[in-house]
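Here is how the chains run, residue by residue.
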Amino acid sequence: MRIDVLTLFPQVFDGFVASSIVGRAVASGLLTVACHDFREHAKNKHRSVDDRPFGGGPGMVLMCQPALDAFEALDADPDGKPLRILLTPQGERLDQRIVEELASVPRLALLCGHYEGFDERIRALSGAREISIGDYVLSGGESAAMVLIDAVTRLLPGALGDEQSARDDSFSDGLLEYPQYTRPREYRGLSVPEVLLSGDHGRIEQWRRSQARMRTSQRRPDLMEDGSH
Ligand code: ADE
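Neighbouring the ligand are Leu87, Thr88, Pro89, Ile131, Ser132, Ile133, Gly134, Tyr136, Val137, Leu138 and Ala144. Between the ligand and the protein, one listed contact pairs a nitrogen atom with a backbone N or O atom of Thr88 at 3.2 Å. One of the backbone nitrogen or oxygen atoms of Ile133 is found 3.0 Å away from a nitrogen atom of the ligand. For the ligand, whose unbound accessible area comes to 260 Å², protein coverage reaches 96%. Top contributing element to the shell around the ligand by residue count: strand β5 (residues 83-93), with three residues. Here the shell around the ligand is composed, by residue class, of eight nonpolar, three polar and no charged.

Turning our attention to unusual backbone geometry. The amide bond that connects Arg183 to the next residue, Pro184, takes the cis arrangement and shows omega of 5°. On the secondary structure map, Pro184 appears in the loop between α7 (163-168) and β9 (186-187). The residue Arg188 is not glycine, and still its phi comes out positive at about 45°. Looking at the secondary structure, you find Arg188 in the loop between β9 and β10 (190-191).

If the charged atoms of two oppositely charged side chains come close together, the side chains can form a pair. Using the criterion set out here, one finds 15 salt bridges in the structure. Here Arg129 makes a salt bridge to Glu101, at a shortest N to O gap of 2.7 Å. Taken together, the residues Arg129 in strand β8 (residues 129-132) and Glu101 in helix α4 (residues 96-103) connect sequence positions 28 residues apart. Given the relative accessible area of 34%, Glu101 is considered partly exposed. Through salt bridges with shared partners, one network takes in Glu92, Arg97, Glu101 and Arg129.

Attention now moves to the state of the cysteines. The final tally for this structure, using the stated rule, is zero disulfides. Free cysteine Cys64: the closest other cysteine sulfur is in Cys112, separated by 18 Å. With a relative accessible area of 16%, Cys64 lands in the buried category.

Here we come to helix α2 (residues 20-27). If you check which residues of α2 are buried, you get Val22, Gly23 and Ala25. Seen from one end, α2 has its buried residues packed into an arc of 160°, which puts them on one side. Residues of α2 that are exposed and point over 90 degrees away from its buried face: Ser20 and Ala27. On its buried side, α2 packs onto α1 (14-18) and α6 (142-154). Directly beyond the C-terminal end of α2, a positive phi value near 85° is found at Gly29.

Moving on to the side chain of Asp119. Along the polypeptide, Asp119 turns up in the loop between β7 (117-118) and α5 (120-126). Owing to a relative accessible area of 16%, Asp119 belongs among the buried residues under this scheme. Those residues in contact with Asp119 that sit more than four places away from it in its chain are Val61, Leu62 and Cys64.

Turning to the packing of α2 against α6, a few remarks are in order. At a minimum axis distance of 9 Å, the contact between α2 and α6 shows a crossing angle of 65°. Between α2 and α6 lies a crossing of left-handed hand. Taking contact as the criterion, the partners of Ile21, Val22 and Ala25 in α2 are, on α6, Ile149, Asp150 and Thr153. Along the lines of polarity and charge, the residues of the contact of α2 with α6 split into four nonpolar, one polar and one charged.

Analysis parameters
- Residues numbered from 1 in each chain as written.
- Predicted model: local features only at pLDDT ≥ 70, side-chain atom pairs only at ≥ 80, totals over all residues.
- Heavy atoms only, no water.
- Near = heavy atom within 4 Å.
- Polar contact = N/O pair within 3.5 Å; in protein donor to acceptor, adjacent residues only side chain to side chain.
- Areas by Shrake-Rupley, 256 points an atom, 1.4 Å probe, with all protein chains shown as cover.
- Helix = DSSP H or I, 4+ residues; strand = E, 2+ residues; numbered from the N terminus.
- Nonpolar A, V, L, I, M, F, W, Y, C, P; charged D, E, K, R; others polar.
- Salt bridge = Lys/Arg side-chain N within 4 Å of Asp/Glu carboxyl O.
- Buried < 20%, exposed > 50% of the residue type's maximum accessible area, 1.4 Å probe, protein only.
- Disulfide = S-S within 2.5 Å.
- Arc of directions from axis to C-beta.
- Contact = heavy atoms within 4.5 Å.
- Axes fitted to C-alpha atoms, helices over the stretch in contact; angles between N-to-C directions.
- Left-handed = near helix turned anticlockwise from the far one by under 90°.

This is the structure in structure tokens:
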């Protein structure tokens, strides 16, 4: 998979793209992440990418030309056109179902906004899918892009050492994950549940399933609402 990130702060991604699961996916060739400073597409004298809003009001608005030219420059690539995404608090809220959809396409292009927002015509003319990572406002889309890249990378076949672990993640089956334990068997008076030491894989599976259901109904009753659990 290839992900192009259009940002005014490409350096923010350096450590992220080199570390942990994402870093390993990049090193093994499963994933390419290319960060582009879209200021390079600004054609005006001062290379500015934003301007004051028509109608007045605080803050600055990202202008159409640099953002759209940056998206369009990616289409020239012989690998095919990426699915365009705008990171914005006004988008549909990212969840595991959307992450699965995005992980199934070969190329993504993520546009990270800053300032007060995007000129509305960037939305209309780019045809981008708008994604929010939650109901709060960040100062820029970069951290949202990292969230999206991280969640997508976990689903690329071979990105995790053990294929099982993405399947067992919270949300992969609509439930939160069951409790996990490792050594020692007892710590500060708290013991590992006996069933996990039993070696009985049937019982362990049953216990985990019931713990996942219990935890989900206590913490996230909204996830139980569709009745399939
Ligand atoms: N940019 C600013 N806030 C955001 C959010 N919540 N999600 C995605 N992009 C954003």
